[in-house]
Amino acid sequence: MSKLVALTELYEILNLVFLSGRLEGDRPLSALLIAPVEAGKTSLLSSFSVNNGILWATDLSPWGIMQHYGKKLAAGELQHIVIPDLLVPLSHGWEQRGAFIAFMNGLLEEGVGKIITFMFHLKITTPFGCGLVTCIPPKILNDHRRRWTDVGFLSRLMPISWQYSPETIQGVGEYLQALRHHRPYKTTLAPRERSTISL
């Protein structure tokens, strides 16, 4: 059953997700923020980006994660990976996209251990994992839902979805309409000087 929550409650939920990474002996929680484009998903997440233990990444691959952050993840220095827009890593070819989802499955659930590929070798004795917090619009989620359910990716993420109430949408519309009737704001900044380039 859906419940209407305020934006402050979304912050509190995410705060608990990130705090779960500080608990000894427990796997960090993961979350999937599901909301329409321009609903403030990235803005909501950005307030947590300054915290220790969080890797904020716009785009990444399994190889990039392990090459650059594998040791920090294994040492427990990073508890969560935050991807502000899951569309970016999903925009790659189907092979890289599939490898990314499969890797994240392992990282979120049973953990990642020794990795030996043609291009990369990482020897770790104890498997390690972390949490994932990312965002996706509902339509894109629906496009991938069946496949991600089949491979267990969605079962590893706590879904958090919201949409604006009709009253909020109407209020924003009225605000934007009122802006049209205002005179343009004139700035008092001096124009920038043109720089000259000597060849």
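Cut-offs and rules
Residues numbered from 1 in each chain as written. Predicted model: local features only at pLDDT ≥ 70, side-chain atom pairs only at ≥ 80, totals over all residues. Heavy atoms only, no water. Buried < 20%, exposed > 50% of the residue type's maximum accessible area, 1.4 Å probe, protein only. Helix = DSSP H or I, 4+ residues; strand = E, 2+ residues; numbered from the N terminus. Pairing = 2+ DSSP bridges. Right-handed = clockwise from strand over helix to strand, strands pointing away. Axes fitted to C-alpha atoms, helices over the stretch in contact; angles between N-to-C directions. Phe/Tyr/Trp six-rings, centres within 6.5 Å; stacked < 30°, edge-to-face > 60°.

**A word on the pairing of strand 3 (residues 80-83)**
Link 1 in the chain: Side chains His80 and Val82 of strand 3 all project onto a buried face; the interleaved residues Ile81 and Ile83 project onto the opposite face, where all are buried too.
Link 2 in the chain: Sheet topology places strand 2 (residues 54-56) next to strand 3; 3 bridges connect them, and they run parallel. Directly across from leucine 55, in strand 3, lies its bridge partner isoleucine 81.
Link 3 in the chain: Running through helix 3 (residues 62-74), the crossover from strand 2 to the neighbouring parallel element strand 3 is right-handed.
Link 4 in the chain: Relative to strand 6 (residues 131-136), strand 3 runs parallel, the two being bridged by 4 bridges. Note on strand 6: the bridge partner recorded for isoleucine 81 is leucine 132.

**A closer look at the sheet that holds strand 6**
Link 1 in the chain: Reading across from one edge, 2-3-6-1-7 is the order of the 5 strands in this open sheet, with parallel pairing throughout. Strands with a single pairing partner mark the edges of an open sheet, and in this sheet they are strand 2 and strand 7 (158-161). Strand after strand, the sheet turns through a mean of 15 degrees between neighbouring axes, direction not considered.
Link 2 in the chain: As defined by bridge partners, strand 1 (residues 31-34) adjoins strand 6 across 4 bridges and the pair is classed as parallel.

**Here's the deal with the packing of aromatic side chains**
Link 1 in the chain: Considering all chains together, one arrives at 3 aromatic pairs under this definition.
Link 2 in the chain: Ring centres of tyrosine 11 and phenylalanine 48 lie 6.2 Å apart, and the angle between their planes is 35 degrees; on these two criteria the pair is classed as tilted. Of this pair, tyrosine 11 sits in helix 1 (residues 7-19) while phenylalanine 48 sits in the loop between helix 2 (41-46) and strand 2, placing them 37 residues apart in sequence.
Link 3 in the chain: Take tyrosine 11: its relative accessible area is 30%, and that puts it in the partly exposed class.
Link 4 in the chain: Owing to a relative accessible area of 9%, phenylalanine 48 belongs among the buried residues under this scheme.
Link 5 in the chain: On the numbers, 5.2 Å between centres and 75 degrees between planes, the contact of tryptophan 148 with phenylalanine 153 is edge-to-face.
Link 6 in the chain: Residue tryptophan 148 is classed as buried on the basis of its relative accessible area of 3%.
Link 7 in the chain: Through a chain of ring-to-ring contacts, three or more aromatic side chains come together here, namely Tyr11, Phe18 and Phe48.

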